[in-house]
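Spelled out, the chains give:
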Amino acid sequence: MLAAIHDRFGEPFDVLQSRDVDMPHPGAGEVRIRTSLSPIHNHDLWTIRGNYGYKPPLPGAIGGTEAAGVVEAVGEGVDAGLVGRRAAIAGVHGTWAEYFIAPANGLLPLPDQISDELGAQLIAMPFSAISLLEVLKAKKGDWIVQTAANGAVGRIMVVLAKARGIHLLSLVRRAEAAEELRKAGVENVLTTSDAGWKDAARALFGDGAVMSAIDSVGGELSADLVDLLSRDGELVVFGTATGAPMPLLSGPLIMKHITVKGFWGSRVSADMDPALRKQLISELVKLALQGDLKLETGGIYGLNQVGEAMKAALTPGRAGKVMFKP
């Protein structure tokens, strides 16, 4: 089968290549899935660089961690009735291939109403977003501030917060990104490169409690978020687009009793109670079936187009996730 593989860690455009490898066979409790679509996530790119929390064994590491596809074969102890069923899964490895192996108990059956484009990205980013929302201090009627609002998680958070009655301020760094979000119907969007944006934010908050800030950018903006938070608020570090240090002043942290913590979706998912996981996944599927959760695609590439796909995935301002289609 054809797969997108890297034999060493490095920049994805430089180290990823297409080549033929043996088709995998499912073991006990596993299924083999014929890939329909598999997205390129930021954490996939970090993994290829070797600076993510998971490092695949080399050489011969196949990229990709999420996909939609069709069950083609089952291993020992797995219901043969799954063969031919459409399903999605995340948190696996090696999905940038014509076929991949997945645990049968991790499959999310896909209703006919959910397209491959939506199903292929229905779990990883949406589940990270809804898991984050579940643990935030902000509740119905409170405010959340999020950075990188034009990213996948940011767009998903808009839908989830609205569904739960939580107010959301969406921050972006470019005027073009802000205009794009407004055209998509997103409310309360501000550009951090504009003078006086924090005053505009406070005007939106009014007397409301700003209990949570989600930072995916880093650098000086982190201190601005702390400045906007109410007493007993929290700054949650979800990512770092800039890679810059966070220069937080001790005064606001002390006087307002601000909590600063990280959030890694993989760990949260692994530690989550199965009943809560099922509840949150059901909430996502319901939103998708209602047409409220819409996830765009930023381009579809064949497995023999890894260079083009990596270039597209690394281009800022793309509309949605870049996908591999075998």
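To be clear, the structure that these remarks concern was listed above.
As a starting point, this report considers the structure included with it. Everything quoted here is computed from the prediction, not taken from an experiment.

### So, the side chain of Thr 65
One can find Thr 65 in the loop between strand E4 (61–62) and strand E5 (66–74). Within polar-contact distance, the side chain of Thr 65 engages the side chain of His 43 at 2.9 Å. Leave out the neighbours within four places in its chain, and Thr 65 touches His 41, His 43, Asp 44, Ile 89, Ala 90, Gly 91, Val 92, His 93 and Thr 95.

### Description of the pattern of salt bridges
Per the stated rule, a full pass over the model turns up 14 salt bridges. Its salt-bridge partner being Asp 7, residue Arg 19 comes within 2.9 Å of it at the nearest N-O pair. Of the two residues, Arg 19 is situated in strand E2 (residues 17–20) and Asp 7 in the loop between strand E1 (2–6) and helix H1 (12–15); the sequence distance between them amounts to 12 residues. By relative accessible area, which is 29% here, Asp 7 ends up partly exposed. Each of Lys 198, Asp 199, Arg 202, Asp 224 and Asp 227 takes part in salt bridges that share partners, so that together they form one network.

### Considering the sheet that holds strand E9 (residues 143–146)
Taken in spatial order, the six strands line up as E11-E10-E9-E12-E13-E14 in an open sheet, and their pairing is parallel. At either end of the open sheet lies a strand with only one pairing partner, and these are strand E11 (189–191) and strand E14 (259–262). Mean inter-strand twist for the sheet, computed between neighbouring axes without regard to direction, equals 20°. As defined by bridge partners, strand E13 (residues 234–237) adjoins E14 across four bridges and the pair is classed as parallel. Following the sheet pairing, Val 236 is matched in E14 by Lys 261. Sitting on the sheet, helix H7 (residues 197–205) touches E9, strand E10 (167–172), E11 and strand E12 (210–215), and the angle it makes with E11 is about 165°.

### Re the environment of Pro 24
The topology assignment puts Pro 24 in the loop between E2 and strand E3 (30–39). Note on Pro 24: relative accessible area 21%, which makes it partly exposed. Once the C-alpha coordinates of Pro 24 and Tyr 99 are considered, the two residues, 75 residues apart in sequence, prove to be 7.3 Å apart. If we skip the residues at most four places from it in the chain, Pro 24 touches Met 1, Arg 32, Tyr 99, Phe 100 and Ile 101.

### Digging into empty space enclosed by the protein
Counted under the stated rule, the structure contains one cavity of 30 Å³ or more. By volume, the largest cavity is sized at about 30 Å³. Taken together, His 41, Gln 121, Met 125, Pro 126, Ala 152, Ile 156, Leu 295 and Lys 321 form the lining of the largest cavity. At the level of secondary structure, the elements contributing two or more residues to the lining of the largest cavity comprise helix H4 (124–135) and helix H5 (152–163).

Parameters and conventions
Residues numbered from 1 in each chain as written. Predicted model: local features only at pLDDT ≥ 70, side-chain atom pairs only at ≥ 80, totals over all residues. Heavy atoms only, no water. Helix = DSSP H or I, 4+ residues; strand = E, 2+ residues; numbered from the N terminus. Polar contact = N/O pair within 3.5 Å; in protein donor to acceptor, adjacent residues only side chain to side chain. Contact = heavy atoms within 4.5 Å. Salt bridge = Lys/Arg side-chain N within 4 Å of Asp/Glu carboxyl O. Buried < 20%, exposed > 50% of the residue type's maximum accessible area, 1.4 Å probe, protein only. Pairing = 2+ DSSP bridges. Axes fitted to C-alpha atoms, helices over the stretch in contact; angles between N-to-C directions. 1 Å grid on protein atoms, 1.4 Å probe; cavity = no way out; pocket = protein on both sides within 12 Å on 5 of 7 lines; lining within 4 Å. Points joined across faces, edges and corners; volume = space filled by probe spheres on them.

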